[in-house]
Amino acid sequence: MAVVSSQVDSLFSQAKMDVDMMLNEKLKMIDDAITKKKTKMDCHPEVPITPAEKMNAYDSVFTLCNRPRRDYSNLVYEKYTNYLTERIQERALPVLMDKHGTELLTEVMRLWSEYKEFASFLSKIFAYLDRYYIPKRGLLSLDDSMRYHFCNLVCDKLFSKLQGAMMRLIIQERDGGQIDRNLLKTVSCLLFEVGEKGTVNCYEKLEQIMLAEVAACYSQLSLERWFWGDSFSNYLRKVDWCLNQEEARAELYPSPTTKTKILDVMKYVMLERNAEKWVQKRIAEGIAAEDQDSSAAIVASFA
């Protein structure tokens, strides 16, 4: 009996060694392909990645996810997410931490493009996960996971600096300055794109800051500068001009509701909230009938 038991133990031990060797071999094939891709992207664009290397990595994922007695799908999915987070921590964050203003926005977009290229390469190798394992477990898809990690590790981590840089561009343009509108648009689109599937909604946070800034800006203009020095009709013409300017400016924002919210805030701050004050001011000044008529026509145009 002792001899039989020893033989059984030996067989189990050998089987375990074979499984461990197989696992290490498959993981190495995946690692080798990913490492070569990173090397090619970072410093050696001439380094080729052969179709055979890509296929070996894909086959390794397939094999590990289809073991009859031991399914390694969980380990493979964890490997995929680790590749994403490591890429961000090693490549993106060190570059971005010391950047500010438009330089920060430019670098974010460059690194986002680079990161998407890397993630696209990963998604081809790990594509099998999206077919069975991810839907069965209710996990984030490969594409959603890509956005999730960039949002949490980059956009949310650097949100204060990002929104500060974006708001400075918005205010600069409102004051008549020239800005890179395409840069502002692409960063807005990035925040909108990554703010889904369980991520922190950075675009929604940015939108709230924009609305607060719009309210503060036009409240100051209307009450402190225009209200006391203009006739009612001139005041409304200035409001109309500002609404048109902000409406055109809001075209670059990816969410169609952003423009509506901005214009609603402006109308409330400059028209609705000041309506009673204007009634009192017009009575006190004895506004002319013809001015009343023209003012009424302009008010009607905002409806």
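All of the points below concern the structure found in this document. Since the model is a prediction, treat every value here as computed from it, not as a measurement.

1. Topic: the overall build of the protein
Part 1 of the reasoning: Along its length, the protein carries 14 helices and 0 strands.
Part 2 of the reasoning: The linear arrangement of helices and strands in the protein, starting from the amino end, is α-α-α-α-α-α-α-α-α-α-α-α-α-α.
Part 3 of the reasoning: The burial tally for the protein puts 43% of its 303 residues in the buried class.
Part 4 of the reasoning: Taking as baseline every contact in the protein between residues at least 6 positions apart, the subset at least 24 positions apart corresponds to 78%.

2. With respect to the packing of helix α3 (residues 73–96) against helix α4 (residues 101–125)
Part 1 of the reasoning: Where α3 meets α4, the axes come as close as 11 Å, and the angle between the chain directions of the two elements is 160°. With respect to α4, the axis of α3 lies roughly antiparallel. Along this stretch, α3 crosses α4, giving a crossing that reads as right-handed. Where α3 approaches α4, its residues Tyr80, Tyr83, Leu84, Arg87, Ile88, Arg91, Ala92, Val95 and Leu96 are matched on the opposing element by Leu104, Glu107, Val108, Arg110, Leu111, Glu114, Tyr115, Phe118, Ala119, Leu122 and Ser123.

3. Topic: the packing of helix α10 (residues 202–226) against helix α12 (residues 256–272)
Part 1 of the reasoning: Look at α10 against α12: their axes get within 9 Å of each other, and the N-to-C directions meet at 25°. One way to sum up the angle between α10 and α12 is to call them roughly parallel. Remark: the crossing between α10 and α12 carries right-handed chirality. Counted together, Tyr203, Glu207, Met210, Leu211, Val214, Ala215, Tyr218, Ser219, Ser222 and Trp226 of α10 and Thr257, Thr258, Lys261, Ile262, Val265, Met266, Val269 and Met270 of α12 form the full contact between these two elements.
Part 2 of the reasoning: Taken together, the residues of the contact of α10 with α12 break down into 12 nonpolar, 4 polar and 2 charged.

4. Remarks on the pattern of salt bridges
Part 1 of the reasoning: Tallied over the entire structure, the rule returns 20 salt bridges.
Part 2 of the reasoning: Between Lys36 and Glu53 there is a salt bridge, and its shortest N-O distance comes to 2.9 Å. Here Lys36, found in helix α1 (residues 2–42), pairs with Glu53, found in helix α2 (residues 51–64); they are 17 residues apart in sequence, far enough to count as distant.
Part 3 of the reasoning: The partner of Glu107 in a salt bridge is Arg110, with the nearest N and O atoms 2.8 Å apart.

5. Structural notes on helix α7 (residues 142–155)
Note: α-helices contain 3.6 residues per turn, so residues at a spacing of three or four share the same orientation.
Part 1 of the reasoning: In a regular helix each residue adds 1.5 Å, so 14 residues correspond to 20 Å; α7 covers 19 Å between its end C-alpha atoms and thus fits that length.
Part 2 of the reasoning: For α7, a buried count of 10 out of 14 residues is recorded, marking the element as mostly surrounded by other parts of the structure.
Part 3 of the reasoning: Among the residues making up α7, those that are buried are Leu142, Asp144, Ser145, Met146, Arg147, His149, Phe150, Cys151, Val154 and Cys155.

6. Describing the packing of aromatic side chains
The geometry of two aromatic rings is summed up by the distance between their centres and the angle between their planes.
Part 1 of the reasoning: Counted by the stated rule, this structure contains 9 aromatic pairs.
Part 2 of the reasoning: Note on Tyr128 and Tyr132: the rings are 5.4 Å apart at their centroids and 50° apart in plane angle, and the pair reads as tilted.
Part 3 of the reasoning: On the basis of relative accessible area, Tyr128 is assigned to the buried category, the value being 9%.
Part 4 of the reasoning: With relative accessibility at 53%, the residue Tyr132 sits in the exposed group.
Part 5 of the reasoning: These aromatic residues form a ring-pair network of at least three members: Phe62, Tyr128 and Tyr132.

7. Quick word on the nonpolar core
Part 1 of the reasoning: Formed by 87 residues in total, the largest nonpolar core has its most connected members in Phe126, Leu129, Tyr218, Met266 and Met270.
Part 2 of the reasoning: At 12 residues, α4 tops the list of elements feeding residues into this core.
Part 3 of the reasoning: Not counting residues up to four positions away in its chain, the partners in contact with Met266 are Val214, Tyr218, Cys242, Leu243, Glu246 and Leu271.

Cut-off values and rules
- Residues numbered from 1 in each chain as written.
- Predicted model: local features only at pLDDT ≥ 70, side-chain atom pairs only at ≥ 80, totals over all residues.
- Heavy atoms only, no water.
- Helix = DSSP H or I, 4+ residues; strand = E, 2+ residues; numbered from the N terminus.
- Buried < 20%, exposed > 50% of the residue type's maximum accessible area, 1.4 Å probe, protein only.
- Contact = heavy atoms within 4.5 Å.
- Axes fitted to C-alpha atoms, helices over the stretch in contact; angles between N-to-C directions.
- Parallel < 35°, antiparallel > 145°, perpendicular 65-115°, else oblique.
- Left-handed = near helix turned anticlockwise from the far one by under 90°.
- Nonpolar A, V, L, I, M, F, W, Y, C, P; charged D, E, K, R; others polar.
- Salt bridge = Lys/Arg side-chain N within 4 Å of Asp/Glu carboxyl O.
- Expected span 1.5 Å × (residues − 1).
- Phe/Tyr/Trp six-rings, centres within 6.5 Å; stacked < 30°, edge-to-face > 60°.
- Core = buried A, V, L, I, M, F, W, Y, C linked by side-chain atoms within 4.5 Å.

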